[in-house]
Amino acid sequence: MSDFDDAVDGSDLAPEEPWESDISEILAGLPDVEPPDGFISVAIDHRPLFAGRVLVGLAGAVVVVFSASFVVGVFGQRLIVPPVGALAAQHAVTRAGLFDTGGEEADTWFEVVDDDVAGDPVRTSDSLDLRATLIAEEDLRQAVYRRSGDSVSIFSQPGRVKFDDLPDGDRVMIDGVLAWVDVSRQVVVLETAASAVTIIGLTPQEVAEVVEDIPRRSSTAGFTDLVNSFTKEIGFPELD
Amino acid sequence: MVANHQQPRTAPASVPTWEEVAHTHGRFLYSLAYRLTGNHQDAQDLVQEVLLRVRRGLANYQPGNLEGWLSRITTNTFLDRVRKQKRRPTQPLPEDPDRVIQGSPGVESELAQRDLPDHLQRLLADLPPEFRAPVVLKDVLGYSYAEIAELLDVPVGTVRSRIHRGRGRLKEALTA
């Protein structure tokens with residue numbers, strides 16, 4: 001019998017004893033605890049990752065609809081428009097499933113595969129721990145990393161990014177490479193040598209730290225330069 | 001007899017938006033989360049998770065006792081997390097000052113001013129979560145046994161028993 005197998009109907013319980021009232025009174029005197037300054041605003045600012053991107057189905061399951069569009073460019077390369085909203089939803093459901101964040105059971109179009117099938121876009125990083133690799137149609141791959149108790153997803157798909165068709169956001173140059181950043185600074189789209197890459201995390205800092213690990217089309221700057229280039233563009237303090 | 005399905009002409013009570021809930025009840029959520037978890041980092045994580053659940057749940061929310069609904073979500077989310085941690089024990093992460101927004105310095109000084117024992121919260125945090133949650137709901141938030149039974153979806157007698165035992169442990173700790 002566990003410590004909590006104590007379901008009773010209460011009919012045979014004695015009324016509260018005087019000492020219980022004393023304890024109750026002490027506890028009632030505990031003051032409210034104020035959230036730290038800015039915490040609620042920060043919590044609300046996390047909303048864009050989920051807002052309008054997760055469709056709740058009748059059974060409460062999260063259904064992610066991928067609508068990645070692509071065209072064939074003049075040199076035969078596919079031009080990809082990453083479906084950033086659907087990818088953010090996919091990150092949310094995998095995060096919930098892998099890291100016990102309380103999310104609901106989810107159906108997605110992705111299938112979990114062995115790491116060596118999907119590959120590890122970051123490959124080596126002390127701060128990132130590859131936890132799962134998944135794959136969907138059109139060779140769309142997802143790698144989920146754990147970092148500092150939370151997670152970041154990197155989605156990749158062979159082809160070039162069609163930046164003109166991405167939704168509202170900012171275009172920034174990172175180490176001479178064009179990238180797209182959404183208004184929440186939680187989603188970044190850029191190109192590696194052969195793929196369109198979408199990086200999604202819960203905080204801009206997490207995303208920034210992953211960006212510096214991605215091997216891009218041209219990568220000549222050092223570690224700190226790369227991070228500073230990105231953090232400067234999105235308005236965060238530079239590294240020393 | 002034919003049931004009258006005609007709706008009353010009163011305007012339906014409006015469901016708040018997610019942002020309104022966060023702004024208006026954020027302090028309430030945080031205070032409850034802190035009393036349940038016992039530290040700022042876990043309280044912040046819990047509130048974040050609760051707000052996500054609130055956002056998903058607002059579609060089905062029937063206007064009524066909003067704080068009761070929020071208390072139910074917060075407490076059940078807390079207990080869910082405790083159960084999952086028990087199934088998957090993990091090493092606690094060191095406090096990362098970059099990730100945790102520090103609490104207002106005024107909170108501790110206010111406690112001191114009121115001459116409340118500093119270790120009361122720690123004693124509360126030492127209670128098993130299954131005792132702590134009903135004790136917090138009853139003695140800190142002032143819910144009735146029946147309300148707590150409904151919030152936690154357990155019999156009233158179970159609530160009374162757990163509160164009694166939780167208070168007993170607190171008494172022992174306070175008088176030790």
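Quick notes on the overall build of chain B
Part 1 of the reasoning: Scanning chain B for helices and strands turns up eight helices and zero strands.
Part 2 of the reasoning: Scanning chain B from its N terminus toward the C terminus, one meets helices and strands in the order α-α-α-α-α-α-α-α.
Part 3 of the reasoning: By sequence separation, contacts in chain B at least 24 residues apart represent 68% of the contacts at least 6 residues apart.

Examining the overall build of chain A
Part 1 of the reasoning: Along its length, chain A carries six helices and 14 strands.
Part 2 of the reasoning: Looking at chain A as a whole, 38% of its 240 residues are labelled buried.
Part 3 of the reasoning: In chain A, once contacts between residues fewer than 6 apart in sequence are set aside, the share between residues at least 24 apart is 52%.

Brief notes about unusual backbone geometry
In most cases, non-glycine residues show a negative phi, while peptide bonds are predominantly trans.
Residues and elements named next belong to chain B.
Part 1 of the reasoning: Of note, Asp 153 is a non-glycine position whose phi angle comes to about 60°, a positive value.
Part 2 of the reasoning: By the secondary structure assignment, Asp 153 is in the loop between α7 (145-152) and α8 (156-175).
Part 3 of the reasoning: For Asp 153, a count of 8 C-beta atoms within 10 Å corresponds to the exposed category.

Some words on helix α5 (residues 204-211) of chain A
Part 1 of the reasoning: Extensive coverage of α5 of chain A is indicated by the burial of seven of its eight residues.
Part 2 of the reasoning: Every buried residue of α5 of chain A is listed here: Pro 204, Glu 206, Val 207, Ala 208, Glu 209, Val 210 and Val 211 of chain A.

Remarks on the nonpolar core
Part 1 of the reasoning: Judged by nonpolar contacts, the single largest core of 37 residues is most densely connected at Ala 33 and Val 47 of chain B.
Part 2 of the reasoning: For this core, the elements supplying multiple residues, two or more each, are α2 (39-45) of chain A together with α1 (18-37), α2 (40-57), α3 (66-87), α6 (129-140), α7 and α8 of chain B.
Part 3 of the reasoning: Broken down by element, this core gets its largest block of residues, eight residues, from α1 of chain B.
Part 4 of the reasoning: Both domains that meet at this core, namely domain 1 (16-88) and domain 2 (119-176) of chain B, each give it at least three residues.
Part 5 of the reasoning: Every residue in contact with Ala 33 of chain B, bar those within four places of it in the chain, is listed here: Ala 43, Leu 46, Val 47 and Thr 74 of chain B.
Part 6 of the reasoning: Ala 89, Val 152, Ile 199 and Ile 200 of chain A belong to the second largest nonpolar core, which has 33 residues in total.

Here we look at the pairing of strand β12 (residues 177-181) of chain A
Residue and element names in this part refer to chain A.
Part 1 of the reasoning: Sheet topology places strand β11 (residues 170-174) next to β12; five bridges connect them, and they run antiparallel. Within β12, the residue paired with Asp 170 across the bridge is Val 181.
Part 2 of the reasoning: Here β12 folds back onto strand β13 (residues 187-191), and the loop between the two strands holds five residues, one of which, Arg 185, carries a positive phi near 65°.

A few points about the packing of helix α1 (residues 18-28) of chain A against α8 of chain B
Part 1 of the reasoning: At their nearest, the axes of α1 of chain A and α8 of chain B sit 10 Å apart, and the two run at 80° to each other. For the element pair α1 of chain A / α8 of chain B, the angle class is roughly perpendicular. Facing Trp 19, Glu 20, Ile 23 and Ser 24 of chain A of α1 of chain A, the residues of α8 of chain B in contact are His 164, Arg 167, Leu 170 and Lys 171 of chain B.
Part 2 of the reasoning: Looking at the contact of α1 of chain A with α8 of chain B residue by residue, the classes come out as three nonpolar, two polar and three charged.

Quick notes on the confidence of the model for chain A
Residue and element names in this part refer to chain A.
Part 1 of the reasoning: Of the residues in chain A, 51% have a pLDDT of 70 or more, and the chain-wide mean is 66.
Part 2 of the reasoning: Confidence, read as mean pLDDT per element, is least for strand β1 (residues 55-56) in chain A (26) and greatest for α1 (89).
Part 3 of the reasoning: With pLDDT under 50 throughout, residues 1-5 is counted as low confidence; its partners more than four residues away or in other chains account for two contacts.
Part 4 of the reasoning: pLDDT under 50 marks residues 217-228. Its contacts with residues more than four places away, or in other chains, come to 20 contacts.

Quick notes on the confidence of the model for chain B
Residue and element names in this part refer to chain B.
Part 1 of the reasoning: Per-residue pLDDT for chain B averages 76, and the proportion of residues at 70 or more is 73%.
Part 2 of the reasoning: Taking the mean pLDDT of every element in chain B, the minimum, 40, falls on helix α4 (residues 105-113) and the maximum, 94, on α6.
Part 3 of the reasoning: Throughout residues 88-115 the model reports pLDDT below 50, and contacts reaching past four residues in sequence, or to other chains, amount to 26 contacts.
Part 4 of the reasoning: Reported confidences for the modelled complex are a pTM of 0.49 and an ipTM of 0.76.

Analysis parameters
- Residues numbered from 1 in each chain as written.
- Chains lettered and ligands numbered in written order.
- Predicted model: local features only at pLDDT ≥ 70, side-chain atom pairs only at ≥ 80, totals over all residues.
- Helix = DSSP H or I, 4+ residues; strand = E, 2+ residues; numbered from the N terminus.
- Contact = placed C-beta atoms within 7 Å.
- Buried ≥ 20, exposed ≤ 12 C-beta atoms within 10 Å, placed from the backbone.
- Core = buried A, V, L, I, M, F, W, Y, C linked by C-beta atoms within 7 Å.
- Domains from an automatic or database assignment.
- Pairing = 2+ DSSP bridges.
- Axes fitted to C-alpha atoms, helices over the stretch in contact; angles between N-to-C directions.
- Parallel < 35°, antiparallel > 145°, perpendicular 65-115°, else oblique.
- Nonpolar A, V, L, I, M, F, W, Y, C, P; charged D, E, K, R; others polar.
- pLDDT = per-residue confidence, 0-100.

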